[in-house]
Amino acid sequence: MNDSEASQLRLKASRLAAERQHLEKTLMQHRRFLRGSLLERPKFCGKPGCKCTKGQPHPPGLILSRLVNGAVRQIFIRASDHERARKEALAYKDYRQASLRWRVIDKELNRILEDLGASQEESYPFE
Ligand SMILES: [Zn+2]
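Only a predicted model underlies this, so the values are computations on that prediction, with no experimental measurement involved.

Each value, and the rule that gives it
Residues numbered from 1 in each chain as written. Predicted model: local features only at pLDDT ≥ 70, side-chain atom pairs only at ≥ 80, totals over all residues. Heavy atoms only, no water. Pairing = 2+ DSSP bridges. Helix = DSSP H or I, 4+ residues; strand = E, 2+ residues; numbered from the N terminus. Axes fitted to C-alpha atoms, helices over the stretch in contact; angles between N-to-C directions. Expected span 1.5 Å × (residues − 1). Buried < 20%, exposed > 50% of the residue type's maximum accessible area, 1.4 Å probe, protein only. Contact = heavy atoms within 4.5 Å. Polar contact = N/O pair within 3.5 Å; in protein donor to acceptor, adjacent residues only side chain to side chain. Donors = N, O, S within 2.8 Å, 3.2 Å for Na, K, Ca; no water. Tetrahedral: all angles 85-135°; square planar, octahedral: opposite > 155°, others 65-115°. 1 Å grid on protein atoms, 1.4 Å probe; cavity = no way out; pocket = protein on both sides within 12 Å on 5 of 7 lines; lining within 4 Å. Points joined across faces, edges and corners; volume = space filled by probe spheres on them. Nonpolar A, V, L, I, M, F, W, Y, C, P; charged D, E, K, R; others polar. Parallel < 35°, antiparallel > 145°, perpendicular 65-115°, else oblique. Left-handed = near helix turned anticlockwise from the far one by under 90°.

Colleague: How should the sheet that holds strand 1 (residues 37-43) be read in this particular structure?
Modeller: Two pairing modes exist for strands in a sheet, parallel and antiparallel, and in both the strands are linked by backbone hydrogen bonds. One open sheet holds the three strands; their spatial order is 1-2-3, and the pairing between them is antiparallel. Edge strands, defined here as strands with exactly one partner in the open sheet, are strand 1 and strand 3 (71-77). The sheet shows a mean angle of 35° between the axes of neighbouring strands, taken without regard to direction. The pairing of strand 2 (residues 58-68) with strand 3 spans seven bridges and is classified as antiparallel. What sits directly across from L67, in strand 3, is V72.

Okay, here's the thing in structure tokens:
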């Protein structure tokens, strides 16, 4: 590795370190999470004469879909909980994404620092 390659790598490492630090802010926040994905289900009550039978559906139902012991479970979310459930499910997704990215960066930084370290090894006797 020549000096110019090494300084490119140092630049990349400091960019990754800055991004990792930014992610840590997200990861350290205290927020409530709802694990799983929310699915919207169109709702038709089917009562004769209801607007939903004339192409005006009711507000969609919300289903929480999550893995429980390796099996998908779907849980109905009460209408009064929709707003909170959406917020907490989004917070969960944010957290998951930040944590995955954090791990990718961490791995990459480790590799770069190993390479930079190895490139600075001197042979002995000194030339
Ligand atoms: Zn209806």
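Next comes the rest of the account.
Colleague: Would you take a moment to explain helix 1 (residues 3-28) for this structure?
Modeller: The periodicity of an α-helix, 3.6 residues per turn, causes residues three or four places apart in sequence to face the same way. Helix length check: helix 1 (26 residues) gives 37 Å between terminal C-alpha atoms against 38 Å at 1.5 Å per residue, within 8%. Among the residues of helix 1, those classed as buried are A6, L9, A13, L16, L23 and L27. As for helix 1, its buried residues are in contact with helix 2 (82-119). Regarding helix 1, its N-cap is N2, as a side-chain oxygen of that residue lies 3.1 Å from the backbone nitrogen of S4 further along.

Colleague: Hey, could you run me through unusual backbone geometry in this one?
Modeller: Residue P125 is bonded to the preceding Y124 through a cis peptide linkage, with omega at 5°. Positive phi values are uncommon outside glycine, yet N69 reaches one of about 50°. Here N69 is to be found in the loop between strand 2 and strand 3.

Colleague: I would appreciate a short explanation of the coordination of the zinc ion in the present structure.
Modeller: Geometrically, a metal with four donors at the corners of a regular tetrahedron has ideal angles of 109.5 degrees, and one with six donors at the corners of a regular octahedron has ideal angles of 90 or 180 degrees. Protein coordination at the zinc ion: the donors are C45 (SG), C50 (SG), C52 (SG) and H58 (NE2), at 2.0 to 2.4 Å from the metal. Around the zinc ion sit four donor atoms; with metal-centred angles ranging over 102 to 115°, the donor geometry is tetrahedral.

Colleague: Got a minute to help me understand the side chain of E88 in this structure?
Modeller: Within the fold, E88 resides in helix 2. Leave out the neighbours within four places in its chain, and E88 touches R32, F33 and L34.

Colleague: What should I look at first to understand the layout of surface pockets in this one?
Modeller: The method is simple in principle: a probe with the dimensions of a water molecule rolls over the atoms, and the space it marks as empty is what remains. Of the voids in this model, the largest pocket is the one considered here, and its volume is about 180 Å³. Lining the largest pocket we find G36, S37, L38, R86, A89, L90, Y92, K93 and R96. Those elements that place two or more of their residues in the lining of the largest pocket are strand 1 and helix 2. Ranked by the residues each element gives to the lining of the largest pocket, the list is headed by helix 2, at six residues. Grouping the constituent residues of the lining of the largest pocket by class yields four nonpolar, two polar and three charged.

Colleague: Mind showing me how you'd approach the packing of helix 1 against helix 2 here?
Modeller: Pairs of packed helices are described in terms of their axes, by the angle between the two and the distance that separates them. With their axes 9 Å apart at the nearest point, helix 1 and helix 2 run at an angle of 155° to one another. Comparing the axis directions of helix 1 and helix 2 gives the class roughly antiparallel. The chirality of how helix 1 crosses helix 2 is left-handed.

Colleague: Where do I start with helix 2 in this structure?
Modeller: Between the first and last C-alpha of helix 2 there are 55 Å, a value that for 38 residues agrees with the 56 Å anticipated at 1.5 Å per step. Three or more residues of helix 2 are buried, namely H82, A85, E88, A89, A91, Y92, A98, S99, I105, L109, I112 and L116. For helix 2, the elements touching its buried residues are helix 1, strand 1, strand 2 and strand 3.

Geometric descriptors of this kind do not, in isolation, establish any biological role.
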